[in-house]
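Fold and contact review
Listed below are the residues making up each chain.
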Amino acid sequence: MQSLITAIREHDDAAHFLAWPGDFDLDRADHGEDVHLASGATLEGFAGDGAGGTFFFCGDGGEERPVLYADSEGGAALIAIGLPELIRLLLVAPWWRDCRGFTAEESGELAAEYLEDMPDMLVQRDRVAAALGLDLPAEADVLTRLREVATAAGEDFILIFTPEDEPYDPLFKG
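Cut-offs applied
- Residues numbered from 1 in each chain as written.
- Predicted model: local features only at pLDDT ≥ 70, side-chain atom pairs only at ≥ 80, totals over all residues.
- Heavy atoms only, no water.
- Core = buried A, V, L, I, M, F, W, Y, C linked by side-chain atoms within 4.5 Å.
- Buried < 20%, exposed > 50% of the residue type's maximum accessible area, 1.4 Å probe, protein only.
- Helix = DSSP H or I, 4+ residues; strand = E, 2+ residues; numbered from the N terminus.
- Pairing = 2+ DSSP bridges.
- Contact = heavy atoms within 4.5 Å.
- Expected span 1.5 Å × (residues − 1).
- Arc of directions from axis to C-beta.
- Salt bridge = Lys/Arg side-chain N within 4 Å of Asp/Glu carboxyl O.
- Lys, Arg positive; Asp, Glu negative; His and termini not counted.
- Polar contact = N/O pair within 3.5 Å; in protein donor to acceptor, adjacent residues only side chain to side chain.
- Phe/Tyr/Trp six-rings, centres within 6.5 Å; stacked < 30°, edge-to-face > 60°.

Some thoughts on the nonpolar core
Nonpolar side chains tend to gather and get buried jointly when the protein is soluble and globular. Grouped together as the largest cluster of nonpolar side chains are 45 residues, with contacts concentrated most on Phe24, Phe46, Phe55, Ile79, Leu86, Ile87 and Trp96. With 7 residues, the single largest contributor to this core is helix H3 (residues 83-92). By size, the runner-up hydrophobic cluster in this structure holds 12 residues, among which are Leu37, Leu68, Leu159 and Phe161.

Description of the sheet that holds strand S3 (residues 54-58)
Spatial strand order, S2-S3-S4-S5-S8: 5 strands in an open sheet with mixed pairing. Every interior strand has two partners, whereas the edge strands, strand S2 (43-48) and strand S8 (169-170), have only one. Pairing between S2 and S3: 5 bridges, direction antiparallel. In the sheet register, Gly45 faces S3, and the bridge partner there is Phe56.

What to know about the environment of Ala76
Position of Ala76 relative to the elements: it lies in strand S5 (residues 75-81). Judged by its relative accessible area of 11%, Ala76 falls in the buried class. It is 21 Å that separates the C-alpha atoms of Ala76 and Glu106, two residues lying 30 residues apart in sequence. If we ignore the near neighbours within four places in the chain, the residues touching Ala76 are Leu68, Tyr69, Ala70, Leu159, Tyr168, Asp169, Pro170 and Leu171.

Describing helix H5 (residues 121-132)
Helix length check: H5 (12 residues) gives 16 Å between terminal C-alpha atoms against 16 Å at 1.5 Å per residue, within 8%. Burial in H5 covers these residues: Met121, Arg125, Val128, Ala129 and Leu132. Along the long axis of H5, the arc covered by the buried residues comes to 100 degrees, so they all point the same way. Looking at H5, the residues exposed on the side facing more than 90 degrees away from the buried face are Arg127 and Ala130. Packed against the buried residues of H5 are helix H1 (4-10), helix H2 (12-19), H3 and helix H4 (104-117).

Focus on the pattern of salt bridges
Oppositely charged side chains are able to pair whenever their charged atoms sit close together. One pass over the full model with this rule turns up 7 salt bridges. Between Arg65 and Glu44 there is a salt bridge, and its shortest N-O distance comes to 2.8 Å. You can see Arg65 sitting in the loop between S3 and strand S4 (66-70) and its partner Glu44 sitting in strand S2, a full 21 residues away along the chain. Accessibility expressed as a relative area gives 6% for Arg65, which makes it buried. By relative accessible area, Glu44 is classed as partly exposed at 36%. Put simply, Arg145 and Glu85 hold a salt bridge, and the shortest N to O gap is 2.9 Å. Here Glu85 lies in helix H3 and Arg145 lies in helix H6 (residues 139-151), a separation of 60 residues in the sequence.

Concerning the side chain of Glu63
With respect to the helices and strands, Glu63 occurs in the loop between S3 and S4. Buried and without a salt bridge, Glu63 has Arg65 as its closest oppositely charged side chain, separated by 8.0 Å. Only 2.8 Å separates the side chain of Glu63 from the backbone nitrogen of Leu4, close enough to count as a polar contact. In this view, Glu63 contacts Ser3, Leu4, Ile5, Phe57, Gly82, Leu83 and Pro84; residues no more than four positions away in its chain are not counted.

Structural notes on the packing of aromatic side chains
In the structure shown here, the tally under the stated rule is 9 aromatic pairs. Considering the side-chain rings of Trp20 and Tyr114, the 5.9 Å spacing of their centres and the 20 degrees angle between planes classify their relative orientation as stacked. Here Tyr114 lies in helix H4 and Trp20 lies in the loop between H2 and strand S1 (35-37), a separation of 94 residues in the sequence. A relative accessible area of 17% places Tyr114 in the buried class. Site record: aromatic cluster; members linked through ring pairs are Phe24, Phe46, Phe55, Phe57, Tyr69, Trp96, Phe102 and Phe172.

Structure follows, in structure tokens:
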């Protein structure tokens, strides 16, 4: 079976949509700072965003590994368990970083802003999901899952700025 990363690279529409509005680029995997997980588990940057944030796989294995996101301002959170869950989040709620309350109302306001700038966003999103073979959950389910993962990650997923041995701040409050 083809990896999801390979599928994204092979589908220009998927790569473009994930780059924007998803703000996810497989060619931006370098975090630019020396970091590690407090648990000592493996940390592998595999994508980034336009503002200097990085998506990391945690632990050993393949695309099923937990995904931690670290921004360029010293914040980090576990945001998905596995790449398919991350891609579903990016497709359904690309505004997830600004959805601090994880509420449908908050997400709806953010969605309206995106749709104003990109009226065909949902049509494009559905094409990308089909091309990647992903079923899309409801927005409320995606936000509930993000809250569960981001606020209950525990000590295994605390990102440490290595030179100062200081933890990143949580992106979301429990």
